[in-house]
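# Coordinate analysis (summary)
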Number of protein chains: 2
Amino acid sequence: MSVIPPRTLKGFRDYLPETMAVREQVIETARRVCRSFGFAPIDTPALEYSEILFGKGGEESDRQMYRFEDHGGRDVAMRFDLTVPLARFAAQHVRQLGTPFKRYHVGPVWRGENTQRGRYREFVQFDFDSIGTESLLADVETLVVVHDLFAALGFERFTIHFNNRSILNGLLEKLGLESEAVAVLRALDKLPKIGPQRVSDELHHTAGTSAEQAKSILALAELTGSNDEVIAALPEIVGDSSQAQKGLAAIEEVLSGVRASGIPEERIKVDVSIARGLAYYTGTVYETFLGDLPDIGSVCSGGRYDDLASLYTKQRLPGIGGSLGVDRLIAAIEELGMVDASAAAADVFITLFVAERVGDYLSLAAELRSAGFSVELYPESRKLGTQIKYADRRGHRLAVIIGENEWASETAQIKVLATGTATEVPLSELAQRCRNLLEEAG
Amino acid sequence: MSVIPPRTLKGFRDYLPETMAVREQVIETARRVCRSFGFAPIDTPALEYSEILFGKGGEESDRQMYRFEDHGGRDVAMRFDLTVPLARFAAQHVRQLGTPFKRYHVGPVWRGENTQRGRYREFVQFDFDSIGTESLLADVETLVVVHDLFAALGFERFTIHFNNRSILNGLLEKLGLESEAVAVLRALDKLPKIGPQRVSDELHHTAGTSAEQAKSILALAELTGSNDEVIAALPEIVGDSSQAQKGLAAIEEVLSGVRASGIPEERIKVDVSIARGLAYYTGTVYETFLGDLPDIGSVCSGGRYDDLASLYTKQRLPGIGGSLGVDRLIAAIEELGMVDASAAAADVFITLFVAERVGDYLSLAAELRSAGFSVELYPESRKLGTQIKYADRRGHRLAVIIGENEWASETAQIKVLATGTATEVPLSELAQRCRNLLEEAG
C-alpha cells in the first residue's frame, strides 16, 4: 500500500522540541508573572457561534476566518483572537466572578490570512486584562506586569512606550478633526514604517487634513525627548483642550506609579506617537520594543478600553489589557541566541551496558530523580559511541557511564558532554558530584 | 441595540479560574514528571488534512469529526486525538530527531460526539510516548512515569494495572481463535461493566466461541491474586503457546523493572483482564485506577505498539505510550476535595485607602513581589469591607491593611483571611511576618 505523504497544511507548522521548550518557558514565565500580580487563569473554547465572534452584521472580516457549519447545522467558527472570547466570557460570568476581574488566557488562535511575510494561520497568544475598574492603578500595574515579564524572560534591553488616546483626541478637537480620529490613528500607526511625508499624504487623502493640520499632528507624533521633557512640551502642542489635559494628567499619574514601582527609567518611555490601530482603545495605549531587535516591531501591546463587552451585555465593563505575541517572541529569543540549549534536555543521561543489571540502572535513575535531577536512561544496551551521540543530540549535560567493572567497584564515570572531560567517582558520591558539575557548568 | 446572548456551543465550556488553576497544576505536574525522564515537548496544528487524520478510506468515524473545506478548497479537519498527529509528526521528522524519540504533547482535541453522559466535544489530552525502541525498559519507564505523575499530583491510593497482549493471543492460539482477537478484546473490555455472563454471551455472538472456549477466556480474564500468584498461575491457563510464554516473560521483566525503580507493590498490579479496546496494541497494555474513585474508570492508559506510523512512512516505528485524561482527572481532584483553594489566588492582598499614597502602596507591592510573594493590590480606594470581601472571594491568604495612621507610624496590619485574626507589625518586618504567617497556615 502506498503511504500518505506526511505534511502540515499551508500556514500551519509543527513545534519540534527545541522550539517547543522555548515556548513552554515563555508561557510559564508569563503565567508566573501574571499570577504574582493576582491574575487568574481562564480558558474558552476554540469554537464559538459565528454570531458571537463576528457580531450580527460583520461579514467583512469573515473571509479570513475558519467558519463552517457543524453537524447540528450551527454556524460556527474558530476563534481569531482572545479578546472577543474574553468579552463574551466576561458578559456571561461577570456576576459570578465579580469585579475587578483580572485574568490571563493563553492559547492558539486561527486566521486564514495570506501566508506571505512569514505569517502563520495558527499562532499562540498570551493575553491578560484587568476588567471592571477605571482606576489608573490598573494601567500602572499593566505596564509593571509587562516590565517584569520581559525582565523575567532574561531581556536586558527593552522599552515600553506608552501614550494616552486623549492627547491625540484633544489635538483633533482643537483642529476640528474629531470625526476623523480613526483615519488619523491608522495613518499615524504607519509612521515608523513609511515616515512623516507619506503619513502626511495619507492624512490628506483619508482624513482630509490641510497641510497645517497635518503639520500639527506630526509635530505631536514626532515629539521626542526624556519623559519629563515630553511632558513639559505637550501643553503647547495640544493647547487648552480639556481632553488633552485629562490625557496629560493620566500620563503623569501612570508614569509616577511606574516609577514608584521601581521600573528603571530607560525601560519606560512617554511616546505620543504610539497610536495602536484599534478604534476601541480610549485611554492608555502601549507597545514594547526590544532594544536588540527593534525591527520586529512591538512584542507586547495593549491599552485601556471604555467598554469591553457591549455586544453581549448592557453592563459597562471598562478595563485595560495586553497581548503578548508568543511566536514573535520565540523567534526573537532564537534570533538573539537566548535559547537555553538544555531546556528540553535532562541533567543526567545514564548509559546502559550490562543487560543483566537493568534493575540496578533503573534503581540508580530513580534515586537520582528523587534527588531532584532530571534523568534519561538509554533503553538499549548499545555501543558507547551510539549512546553518547544520542545524548549529545538531545543536549543532555552529564553522561553517567557504568559498565561491569564500575558496578563491581561501585564507581561511575561522569562525563561532561559539552567538554568531553570524564571523572571517576564512587557511586555513593554520584548525586553530589553531579550537582557540583552542573553548578560549575552554570 | 439588542445584545447577542453570551453563550458557548453545546458540548463546549469555559474554564473559570478555580477549575483552570487545577488544570494548570495537573498539566504542569505532568510536564515536570515527563521532563524528569527526558521526554521533550512537541506541538502539532489543531487543523490537518482530512486524509492525514482519517486515512484514504476511513469514512466511518468522520461523522463525529469537525471536518470542512477551507478557503483554499482543502478538505481539513480538527484533530480528534494526539496519536494520529504524533504518527504523522514522527513520519515527517524522525530522521531529523533520531530514535529513541521521547515526546510529550498536551492540547485540546475535538469530537462532535453525543453530549449525553457528560461528554464534552472539546477536551484536553496529555500524551507521552517513547518511539523507536522495542526495549522493555521503555515499558518499565512508562509505568514509572505514570506512578510518579500520580504521586506528584498528591494521590495516595492508585493502582496501575498492566498486562501483555501476547498472553491473550497465546490463549487464543491454543483455542484456535487467533482470527477472532479483536472481537474477543472488545468483549473483554466490557468485563468490569457487564460481568462474565454477558461477556460470555457476547463472545458467543461476535467471536463464535463455544461455551468451553468462553470459559477458558474468562478464566484468564478473571484470574486474581498477588502479582506473584498471578504469574505462577498463568502457565497452566495459557498452556505452552510460545506467544503466551513470550508475554509472560515480558510481564515478569516489566514487573521486576518496576520493582527495581522503587514503586510500592500495592500500586502496580499484573491484571490479565486488561484488554484495551484498540487493536493496534501489541505488547504491554495498562490502565490506572484511583482507589477512592474506582467508578470513574481509568485515568491514564496506554500500551505498546509495533508500528506507529505505517500510514505515512515505510520506516517501522515501534514504541509505547500513554494518555492522561486531563478533564477526567480534574473532575476527580475536585470530587476528592484535593483542590488547593489558594492555587489561583495571591499570597498577599494589599488594601488601598490613602489615594495620595498610591506610590507607596505600589512600591510596597513591588518590594513584596521581589521577596518572592504573589501580591494583588486593590486598584481603588474603597471601604475596607468591600476590599476584604473581594479578597475572600478570590481566595487570597493574607490581607495587608495600611491607612494614614499606619503610614505615619510605619506599621501595617496583617489579617489572616481564613481566620480573621489580625496582627500589627512594623513595615520593616512585613515580609518576614507574612512569610511566617503563610508557613503557619501551611
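Calculation notes
Residues numbered from 1 in each chain as written. Chains lettered and ligands numbered in written order. Predicted model: local features only at pLDDT ≥ 70, side-chain atom pairs only at ≥ 80, totals over all residues. Helix = DSSP H or I, 4+ residues; strand = E, 2+ residues; numbered from the N terminus. Buried ≥ 20, exposed ≤ 12 C-beta atoms within 10 Å, placed from the backbone. Domains from an automatic or database assignment. Pairing = 2+ DSSP bridges. Axes fitted to C-alpha atoms, helices over the stretch in contact; angles between N-to-C directions. Contact = placed C-beta atoms within 7 Å. Nonpolar A, V, L, I, M, F, W, Y, C, P; charged D, E, K, R; others polar. Core = buried A, V, L, I, M, F, W, Y, C linked by C-beta atoms within 7 Å. Parallel < 35°, antiparallel > 145°, perpendicular 65-115°, else oblique. Left-handed = near helix turned anticlockwise from the far one by under 90°. Expected span 1.5 Å × (residues − 1). Bend = angle between axes of the 7 residues up to and from the residue. Least-squares fit on C-alpha atoms with pLDDT ≥ 70 in both.

Another point: the overall build of chain A. A count of helices and strands for chain A gives 15 helices and 16 strands. On the principal axes, the C-alpha backbone points of chain A span a range of 90 × 60 × 45 Å. Across the 442 residues of chain A, 46% fall into the buried class.

With that out of the way, let us pick up the domain arrangement of chain A. Here chain A is partitioned into domain 1 (17-335) and domain 2 (345-441). The straight-line distance from the C-alpha centre of domain 1 of chain A to that of domain 2 of chain A is 49 Å.

Below, the discussion takes up the sheet that holds strand β2 (residues 47-49) of chain A. Either a parallel or an antiparallel arrangement is found when strands of a sheet pair, and the pairing is made through backbone hydrogen bonds. Residue and element names in this part refer to chain A. Spatially, the three strands line up as an open sheet ordered β2-β4-β3, and their pairing is antiparallel. This sheet does not close on itself; its edge strands, each paired only once, are β2 and β3 (67-69). Strand-to-strand twist of the sheet, defined as the mean angle between neighbouring strand axes without regard to direction, takes the value 35 degrees. Here β2 pairs with strand β4 (residues 75-78) via three bridges, running antiparallel. Pairing of Tyr49 across the sheet is with Val76, part of β4.

Another point: the interface of chain B and chain A. If you look at the interface, chain B gives 79 residues, while chain A gives 79 residues. Considering every element that reaches the side of chain B that touches chain A, the biggest residue donor is helix α12 (residues 358-370) of chain B, with six residues. The residue inventory of the side of chain B that touches chain A, partitioned by class, reads 41 nonpolar, 19 polar and 19 charged.

Residue and element names in this part refer to chain A. By the element assignment, Glu222 lies in the loop between α8 (211-221) and α9 (227-238). With 12 C-beta atoms counted inside 10 Å, the residue Glu222 sits in the exposed group. Taking the C-alpha atoms as reference, Glu222 lies 31 Å from Ser130; in sequence the two are 92 residues apart. Excluding its chain neighbours within four sequence positions, the residues that come into contact with Glu222 are Pro196 and Ser273.

Ranked by size, the top nonpolar core spans 260 residues in total, and within it Ile350 of chain A together with Ile350 of chain B carry the most contacts. Each residue touching Ile350 of chain A, except ones within four places of it in the same chain, is listed here: Tyr361, Leu364, Ala365, Val375, Leu377, Tyr378 and Val400 of chain A.

Residue and element names in this part refer to chain B. The topology assignment puts Ile402 in the loop between β14 (398-401) and α14 (404-409). When the 22 C-beta atoms within 10 Å are taken as the criterion, Ile402 is described as buried. For the pair Ile402 and Leu352, spaced 50 residues apart in sequence, the C-alpha separation works out to 7.4 Å. For Ile402, the contacting residues outside a window of four places in its chain are Trp407 and Ala412.

Further remarks concern the packing of helix α4 (residues 136-152) of chain B against helix α10 (residues 242-260) of chain B. Residues and elements named next belong to chain B. It is the contact of α4 with α10, at a shortest axis distance of 9 Å, that shows an interaxial angle of 50 degrees. Considering the angle they form, α4 stands oblique to α10. When you trace α4 past α10, the crossing you get is right-handed. Between α4 and α10, the contacting residues are Leu136, Leu137, Asp139, Val140, Leu143 and Val144 on the first element and Ala250, Glu253, Val254, Gly257 and Val258 on the second. In the contact of α4 with α10, the residues fall into eight nonpolar, one polar and two charged.

A few words on helix α7 (residues 191-207) of chain A. All names here are of chain A. With 17 residues, α7 ought to run about 24 Å at 1.5 Å a step, yet its terminal C-alpha atoms sit only 15 Å apart, falling short of that. Along its length, α7 shows its largest kink, about 75 degrees, at Gln197. Of the residues making up α7, those classed as buried are Val199, Leu203 and Ala207. Residues of α7 that are buried sit in contact with α6 (181-189) and α8. Gly208 sits one or two residues past α7 and shows a positive phi near 65 degrees.

Time to look at the packing of helix α1 (residues 17-35) of chain B against helix α11 (residues 326-335) of chain B. All names here are of chain B. Between α1 and α11, whose axes approach to 10 Å, the crossing angle comes to 115 degrees. In the crossing of α1 with α11, the sense of the turn from one axis to the other is right-handed. Packed against α1, whose contacting residues are Thr19, Val22, Arg23, Val26 and Ile27, the element α11 presents Val326, Leu329, Ile330, Ile333 and Glu334 at the interface.

Turning our eyes to something else, we now look at the relation of the copies chain B and chain A. Take chain B, turn it by 180 degrees, move it 0.0 Å along the axis, and it overlays chain A with an RMSD of 0.1 Å. On this basis, the relationship between the two copies can be described by a two-fold rotation axis. Of the C-alpha atoms belonging to chain B, the one lying closest to the rotation axis is found on Phe68 of chain B, 3.3 Å away. When the interface residues of chain B are mapped onto chain A, 100% of them again lie at the interface, so the same face is used by both copies.

The next point concerns the pairing of strand β16 (residues 422-426) of chain B. Residue and element names in this part refer to chain B. Burial analysis of β16 places just zero of its five residues in the buried class, which makes it a mostly uncovered element. Across five bridges, strand β15 (residues 411-416) lies against β16 in antiparallel orientation. By the bridge assignment, Ala412 is partnered in β16 with Val425. The turn linking β15 back onto β16 is made up of five residues, and Gly420 within it adopts a positive phi angle of 85 degrees.

Turning our attention to the pairing of β4 of chain A. Where β3 of chain A meets β4 of chain A, three bridges bridge the pair, whose relative direction is antiparallel. Considered in β4 of chain A, the bridge of Arg67 of chain A is made with Ala77 of chain A.

Time to look at the sheet that holds β15 of chain B. Residue and element names in this part refer to chain B. The five strands lie next to each other as β13-β12-β14-β15-β16, forming an open sheet whose pairing is mixed. The open sheet has two edge strands, β13 (375-377) and β16, and neither has a second partner. Along the sheet, successive strands turn relative to each other by an average axial angle of 25 degrees, direction set aside. Summarising the sheet, strand β12 (residues 348-350) and β13 pair through three bridges and their orientation is parallel. Within the sheet, the bridge partner assigned to Val348 lies in β13 and is Val375.

Turning next to unusual backbone geometry. Residues and elements named next belong to chain A. Between Thr99 and Pro100 the backbone carries a cis peptide bond, its omega angle lying at -5 degrees. Looking at the element boundaries, Pro100 is found in the loop between α3 (83-97) and β5 (101-110). Backbone geometry places Glu410, a non-glycine residue, at a positive phi of 50 degrees. Along the chain, Glu410 turns up in the loop between α14 (404-409) and β15 (411-416).

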